[in-house]
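Chain residues, written in single-letter form:
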Amino acid sequence: MSALLDLAEVRQRRQAALANGYALLRVHAHGKRPVAENWQNGERPEALLNVTQKTANTGMSCRGRRVIDVDCDDPAVVDQIIAAAIAYLPSNPLVRRRPGSSRLALVYGADGEPGKLVVAGDKGKVEILGKGQQLVVDGIHPSGVRLEWMKDRSPATVSADKLPVVSEAAIQSFLSACELILGISGSVTSRGNFSPRPVVLSTGASELAGGLEGFRWFDQVPPQKMKSLVEACLDAVDNRQNDPRERWLRTLFAVADASARGCPDAEELALAWSKRGSGWTSEGDFIQAWSSFRPGLVTVGTLLYQGLQAGVDLDIWRSTTTSQIRNLPALHNGGAVAVANLPSLPPKRKWLHGTDLARGAVSLLVAPGGRGKSTWLLALALACASGRSLLGGHVFGGPLRVLYINAEDSTGELTLRLRAAMSHHSLKDADLAGLNVAGADRIRLTLMNANRGQPNLNAEGWNTLIGELDRIEPDVVLIDPLVALVGGVSLNDNSAAALMLSNFVSIAAQRNLALIIAHHAAKNREATSAEAAMGAASLVNLARIVLSIEPLAEGDAGKLGVAPWDARSIFRILGTKQNLSPPDANDRWFRLVSIDVPNAEPPIYPHGDKVAVVEKFLPNPSSAVFPAPVIAAALQVIASATPPLSPFGRAAGTSAVGAIAAAIAPHRGGQASNAEAKAVLDYLMRTGKVVSQLVQVSRPGHGPYVRNGLVLTAPQAAPQIFASQVTP
């Protein structure tokens, strides 16, 4: 029996791909033939979303695209074609494959609307699809297997405007290389005088990982060996006679990627190599180009391929890789650098979300349990993935690729919170194409263990994390909470804390990503102090950015235009490595709101869940903090008091706080606290409705005395206020 597709899922993927800007068409199930006759520009949404089993495969119009369709069955030949793509084409295309086959398709953006090109030989065929062709992007192949996209990067998850755009000149160079690989001469189109060396790679020397990132073994080479490998490849790439700018930039970016992976002194090596080239311009030009590198566009694989083509024996370095922990971060001792050798223009700090997250840095979010740190962290993930300022911070270069790991809650619970927050912030799946989440049931991260009482890195846990980083290649990683990662090791052990945090710091620096970790505050410590974090001081010392959550105190609520009974839902985020300050309306304030999720399952569960969601809160100290009946009751008790109530006293009968608490209690469900009464009084005095002034108070049997008392600033208006707002 033929496999069937879930039609609702097909419809959802089509909707997402349409929203991402792709022109789609219906394709007959288990085949490649379009359903409609005039499909070249795609079909209308109403036709696409009417999904049936007979039309469940989905095609994409290749107009305005360049799709490399590799029709070769020999894995060794495909390896060489991939290596040529690494060398001549932009990195990070979408990669479509099918299980059990070496064939694959690479999807790029096009320069214009070019047509089809083909090179074919005895070893197979490479087609360059364009205007007038289509590619099946979702469904079942005629062989009966499901089509797959590497790293879940597909038209349904990646916006069309994020595709790397390939020039026709690069396509010509790539096809010339493919001619040599396929053992043919001549082609369907002239490619000038370009004459590449033959591509010779052993099976497995290049690999696909999220869009043509080869040579993953480089990440496991020890740092000093990395340096010597990069230096050897640069020495072999001769730029003394011929130094085209396009090749210089690609080589420069490949070395920058090596630097991000942990190669020490990479910038100095690239500068020295650039200076010897015939096209050398200036150090300012070099610095500007180096600073413009972005991970994922060009990888170190380009440099290694160039070195291999020039005769560098990569196996010498491949044999030095480690196996205990993949990509185990290490300290790189490159030695001190003379000031004269430092770049004249320092590198820009690569902020990603306000000043909370920065590439290459670890942030720590510290708060006691139940203060909203997990909810805020999830909102931060949504902001980064959507590129929207949900929390008031600018998202630089967004939308970003985000990995959110909750090591404490299940993926089901995480889904509940995620969907509630998405609903509240009007986000759809298509808005969060780069967001990947996992609960404790999907990823178990035990990063530390103890051996004879000594803390050690747990290789299995770190390899799990590194594997996810390899698969997703995130810009931002959020982990919640730290205490769930340490196994049986005590966070009070300074050496254990330093070992783990330094590893996180190295990962962030080497992969050029931002990492933020939620952590509990210690009991009996000031929540907003730099020493609030539970455990050893290394946790805070090794993090570049430390954030803290401070709830709004009832007594301070009125200063922000908040009733004291609503203060529990308001909090601010502070940078505890900065100077602290009293609550201020200019701080970053947030509010927890309750969202009803329509996930009822009657009759057992007739109602859906209520889920807390974080939103920005804008204080307004001049707003009407309290309901009108509460204000009127307080004014009445102040106006009618004889003698006038004391703003400071505590004695029964004369204390303003006690009298106001009793007066407003009927409007607070029969109860009101002194803190609430004081907030009401502060509001009345701050807004000028009540003032404190010296009053004369008589004493039976004694002469009068003078003290401070409360009076209305407009007592003649009080009867109208009371008559209209106070219920007898």
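Residues numbered from 1 in each chain as written. Predicted model: local features only at pLDDT ≥ 70, side-chain atom pairs only at ≥ 80, totals over all residues. Heavy atoms only, no water.

Colleague: What should I look at first to understand the environment of leucine 135 in this one?
Modeller: Relative to the elements of secondary structure, leucine 135 occurs in strand S8 (residues 134–138). According to the relative accessible area criterion, leucine 135 is buried, its value standing at 4%. Through-space distance from the C-alpha of leucine 135 to that of leucine 24 is 9.5 Å; in sequence the pair is 111 residues apart. If we skip the residues at most four places from it in the chain, leucine 135 touches Thr58, Gly59, Met60, Cys62, Val67, Arg96, Ala105 and Val107. (Helix = DSSP H or I, 4+ residues; strand = E, 2+ residues; numbered from the N terminus. Buried < 20%, exposed > 50% of the residue type's maximum accessible area, 1.4 Å probe, protein only. Contact = heavy atoms within 4.5 Å.)

Colleague: Would you explain empty space enclosed by the protein in this entry?
Modeller: Vacant regions in the atomic arrangement are exposed by a probe of water-molecule size rolled over the atoms. For the coordinates displayed, the defined rule picks out three cavities of 30 Å³ or more. Computed from the structure, the largest cavity encloses a volume of approximately 40 Å³. The wall of the largest cavity is formed by Thr375, Leu378, Ala379, Arg417, Ala421, His425, Ala612, Val613 and Val614. Among the secondary structure elements, those contributing two or more residues to the lining of the largest cavity are helix H11 (373–386), helix H12 (411–424) and strand S23 (610–617). Within the lining of the largest cavity, the residues separate by chemical class into six nonpolar, two polar and one charged. (1 Å grid on protein atoms, 1.4 Å probe; cavity = no way out; pocket = protein on both sides within 12 Å on 5 of 7 lines; lining within 4 Å. Points joined across faces, edges and corners; volume = space filled by probe spheres on them. Nonpolar A, V, L, I, M, F, W, Y, C, P; charged D, E, K, R; others polar.)

Colleague: For this particular structure, what's the right way to read unusual backbone geometry?
Modeller: Most of the time, phi is negative for any residue but glycine, and the peptide bond is trans. The step from proline 602 to proline 603 runs through a cis peptide bond, and the omega angle for that step is 5°. With respect to the secondary-structure elements, proline 603 resides in the loop between strand S22 (588–596) and S23. Following threonine 642, the chain continues to proline 643 via a peptide bond in cis, the omega torsion being -5°. Counting through the fold element by element, proline 643 comes out in the loop between helix H16 (628–640) and helix H17 (656–664). For lysine 151, which is not a glycine, the phi torsion comes out positive at approximately 60°. Looking at the element boundaries, lysine 151 is found in the loop between strand S9 (148–149) and strand S10 (165–166). One non-glycine residue, asparagine 512, adopts positive backbone phi at about 55°. Tracing the sequence through the fold places asparagine 512 in the loop between helix H14 (494–511) and strand S19 (514–520).

Colleague: Just to check I follow, could you spell out the sheet that holds S8 for this structure?
Modeller: Paired through backbone hydrogen bonds, the strands of a sheet run either parallel or antiparallel to each other. Strand order in the open sheet formed by three strands is S1-S2-S8, with antiparallel pairing between adjacent strands. At either end of the open sheet lies a strand with only one pairing partner, and these are strand S1 (24–27) and S8. On average, each strand axis in the sheet is tilted by 40° relative to the strand beside it, whichever way the strands run. Of the strands in this sheet, S1, strand S2 (57–61) and S8 are in contact with helix H1 (residues 7–19), which crosses S1 at around 155°. (Pairing = 2+ DSSP bridges. Axes fitted to C-alpha atoms, helices over the stretch in contact; angles between N-to-C directions.)

Colleague: Just checking my understanding: could you explain the packing of aromatic side chains for this structure?
Modeller: Applying the stated criterion across every chain, the model contains five aromatic pairs. Centre to centre, the rings of tryptophan 376 and phenylalanine 590 are 6.0 Å apart; their planes meet at 75°, and the pair counts as edge-to-face. Note that tryptophan 376 is positioned in helix H11 and phenylalanine 590 in strand S22, a separation of 214 residues in sequence. Since its relative accessible area comes to 1%, phenylalanine 590 is described here as buried. Grouping aromatic residues by their ring pairs yields a cluster made of Trp376, Phe571 and Phe590. (Phe/Tyr/Trp six-rings, centres within 6.5 Å; stacked < 30°, edge-to-face > 60°.)

Colleague: Even after reading the chapter, I still don't get the sheet that holds strand S15 (residues 435–438), so can you show me in this structure?
Modeller: In space, the nine strands of this open sheet follow the order S15-S14-S18-S19-S13-S20-S21-S22-S23, with mixed pairing throughout. Only two strands of the sheet have a single neighbouring strand rather than two, namely S15 and S23. Across the sheet, the axes of successive neighbouring strands diverge by a mean angle of 20°, strand direction being ignored. In this structure, strand S21 (residues 570–575) lies alongside S22, joined through four bridges in antiparallel fashion. Looking at S22, one finds that arginine 572 is bridged to tryptophan 589. Sheet contacts for H12: strand S14 (402–406), S15, S22 and S23; angle to S23, the most-contacted strand, approximately 45°. Strand contacts of helix H13 (residues 459–472): S14, S15 and strand S18 (476–480), with the helix running at about 150° to S14, the strand carrying the most contacts.

Colleague: Even after reading the chapter, I still don't get the pattern of salt bridges, so can you show me in this structure?
Modeller: Once the charged atoms of two side chains with opposite charge are near each other, the side chains can pair. By the definition in use, this model includes 31 salt bridges. A salt bridge links glutamate 9 to arginine 13; its shortest N-O distance comes to 3.7 Å. Residue glutamate 9 and its partner arginine 13 are located together in helix H1, separated by four residues, close to a single helical turn. For glutamate 9, a relative accessible area of 40% translates into the label partly exposed. Of the residues examined, arginine 13 reaches a relative accessible area of 25% and is grouped as partly exposed. A salt bridge links glutamate 43 to arginine 26; its shortest N-O distance comes to 2.8 Å. (Salt bridge = Lys/Arg side-chain N within 4 Å of Asp/Glu carboxyl O.)

Colleague: Would you explain H1 in this entry?
Modeller: One full turn of an α-helix is made of 3.6 residues, so residues set three or four places apart face in the same direction. For H1, with 13 residues, the first-to-last C-alpha span of 18 Å sits near the 18 Å given by 1.5 Å per residue. Turning to H1, its buried residues number three or more, namely Val10, Arg14, Ala16 and Ala17. Looking straight down H1, one finds that the buried residues subtend no more than 165° of arc, so they occupy a single side. The elements touched by buried residues of H1 are S1, helix H2 (45–48), S2 and S8. For H1, the N-terminal cap is aspartate 6; the gap from its side-chain oxygen to the backbone nitrogen of alanine 8 is 3.0 Å. Glycine 21 lies just past H1 and shows a positive phi near 95°. (Expected span 1.5 Å × (residues − 1). Arc of directions from axis to C-beta. Polar contact = N/O pair within 3.5 Å; in protein donor to acceptor, adjacent residues only side chain to side chain.)

Colleague: Help me understand the environment of phenylalanine 286 in this model?
Modeller: Inspection of the secondary structure puts phenylalanine 286 in helix H8 (residues 283–291). For phenylalanine 286, a relative accessible area of 1% corresponds to the buried category. Between the alpha carbons of phenylalanine 286 and leucine 271 there is a distance of 7.3 Å; along the sequence they are 15 residues apart. Leave out the neighbours within four places in its chain, and phenylalanine 286 touches Trp248, Leu252, Glu267, Ala270, Leu271, Ser274 and Trp280.

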